[in-house]
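# Structural characterization, general
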Amino acid sequence: MNIGVLALQGAVAEHIQMLCALGVKAIPIRLPSQLDSLDGLVIPGGESTTISKLLYEYDLMEPLRLLATKGFPLFGTCAGMILLASKTTDLRWQPVGAIDIEVQRNAFGRQIDSFEADLEIPALGDKPFRGIFIRAPIVGRVNSSVDILCRLNGSVVATKQGKAIACAFHPELTDDSRFHKYFLDLVTGEPIAQGSSR
Ligand code: GLN
């Protein structure tokens, strides 16, 4: 299985390491032609404005939008979640639109307000998942076609639509690979636990 990790900016190496540990080939992606060989693509955390700018510069924005309309497996973390949304509060650019959610950038505050929290994510089993939130977004409006995978104090922080998933936190910065495994199961079409709720 070939899984790409968008490698324009952000926490690229950590995703590659976690995917390799799960036994898949993880490929850093910088060119549109590299998308052809992939079974799934991870969009890492970083700075969504910078990544979006680079997506246009590297001619990757339109190919990503096309993949999204085809239901291609996509996994966005933090800035990656903002990029996969259909709308953000930052009106300077239009995200990819793989998941029909509206996302509020930096909703938990500034860098200093970064925090960790134990999250209940039924789709990953009973054991809590350690969520690392770094200037994280919150999901506001959620279309009815979108599954909510996790809430934190009532705010939506992880979602799924078809084979596209996104979370406001950073699973790649933990040593818990269950979120990545969940994505790989979506890619291969393995039956996964019905843990999502609305
Ligand atoms: N605050 C960043 C943004 O808006 C996201 C931060 C992150 O990915 N850790 O793009």
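Residues numbered from 1 in each chain as written. Predicted model: local features only at pLDDT ≥ 70, side-chain atom pairs only at ≥ 80, totals over all residues. Heavy atoms only, no water.

## Overview of the site of the ligand
As a structural note, the neighbourhood of the ligand is formed by Gly45, Gly46, Glu47, Ser48, Cys78, Ala79, Ile82, Arg105, Asn106, Ile134, Arg135 and His170. Here Arg105 contributes a side-chain N or O atom positioned 2.7 Å from an oxygen atom of the ligand. One of the backbone N or O atoms of Arg135 is found 2.9 Å from a nitrogen atom in the ligand. The class makeup of the residues in the shell around the ligand is 4 nonpolar, 5 polar and 3 charged. (Near = heavy atom within 4 Å. Polar contact = N/O pair within 3.5 Å; in protein donor to acceptor, adjacent residues only side chain to side chain. Nonpolar A, V, L, I, M, F, W, Y, C, P; charged D, E, K, R; others polar.)

## So, the pattern of salt bridges
Tallied over the entire structure, the rule returns 11 salt bridges. Note that Glu102 and Arg141 form a salt bridge whose closest N and O atoms lie 3.6 Å from each other. One end of the pair, Glu102, is in strand E6 (residues 99-104); the other, Arg141, is in strand E9 (residues 138-142), and 39 residues separate them in sequence. Among the salt bridges present, the one from Arg130 reaches Glu116, with a minimum N-O distance of 3.1 Å. Here Glu116 lies in strand E7 (residues 115-119) and Arg130 lies in strand E8 (residues 129-133), a separation of 14 residues in the sequence. (Salt bridge = Lys/Arg side-chain N within 4 Å of Asp/Glu carboxyl O. Helix = DSSP H or I, 4+ residues; strand = E, 2+ residues; numbered from the N terminus.)

## Quick look at the packing of aromatic side chains
All told, the structure shown has 10 aromatic pairs when counted by the stated rule. The interplanar angle of 55° and the centroid separation of 5.5 Å between the aromatic rings of Phe133 and Phe169 together place this pair among those described as tilted. Highlighted residues: Phe133 in strand E8 and Phe169 in the loop between strand E12 (164-167) and helix H5 (178-188), separated in sequence by 36 residues. Neither residue differs from the other here; Phe133 and Phe169 are each classed as buried. Grouped by ring-pair contacts, the aromatic residues Phe75, Phe108, Phe115, Phe129, Phe133, Phe169, Phe179, Tyr182 and Phe183 constitute a single cluster. (Phe/Tyr/Trp six-rings, centres within 6.5 Å; stacked < 30°, edge-to-face > 60°. Buried < 20%, exposed > 50% of the residue type's maximum accessible area, 1.4 Å probe, protein only.)

## What about the environment of Gly10?
Along the chain, Gly10 turns up in the loop between strand E1 (2-6) and helix H1 (12-21). For Gly10, a relative accessible area of 39% gives the class partly exposed. Put simply, Gly10 and Ile51 are 41 residues apart on the chain and 8.2 Å apart in space, counted from C-alpha to C-alpha.

## Topic: the confidence of the model for the protein chain
Segments scoring low in pLDDT should not have their predicted coordinates read at a detailed level. Across the protein chain, pLDDT averages 94, with 95% of residues at or above 70. Across residues 194-198, where pLDDT falls below 50, the model places 13 contacts with residues more than four positions away in sequence or in other chains. (pLDDT = per-residue confidence, 0-100. Contact = heavy atoms within 4.5 Å.)

## Digging into the packing of helix H2 (residues 48-57) against helix H3 (residues 61-69)
For any two helices packed against each other, one specifies the crossing angle of their axes together with the interaxial distance. Interaxial distance between H2 and H3 falls to 7 Å at its minimum, and their mutual angle equals 100°. Taken as axis vectors, H2 and H3 run roughly perpendicular relative to one another. Touching Ser52, Leu55 and Tyr56 of H2 are Met61, Leu64 and Arg65, all from H3. Residue classes in the contact of H2 with H3 are distributed as 4 nonpolar, 1 polar and 1 charged. (Axes fitted to C-alpha atoms, helices over the stretch in contact; angles between N-to-C directions. Parallel < 35°, antiparallel > 145°, perpendicular 65-115°, else oblique.)

## Some remarks on the pairing of strand E3 (residues 40-43)
Side chains Gly40 and Val42 of E3 all project onto a buried face; the interleaved residues Leu41 and Ile43 project onto the opposite face, where all are buried too. Bridge analysis of E1 against E3 gives 3 bridges, and the strand direction is parallel. The residue of E3 that forms the bridge with Ile3 is Gly40. With 3 bridges joining them, E3 and strand E4 (residues 74-77) adopt parallel strand pairing. Paired with Ile43 across the bridge in E4 is Gly76. (Pairing = 2+ DSSP bridges.)

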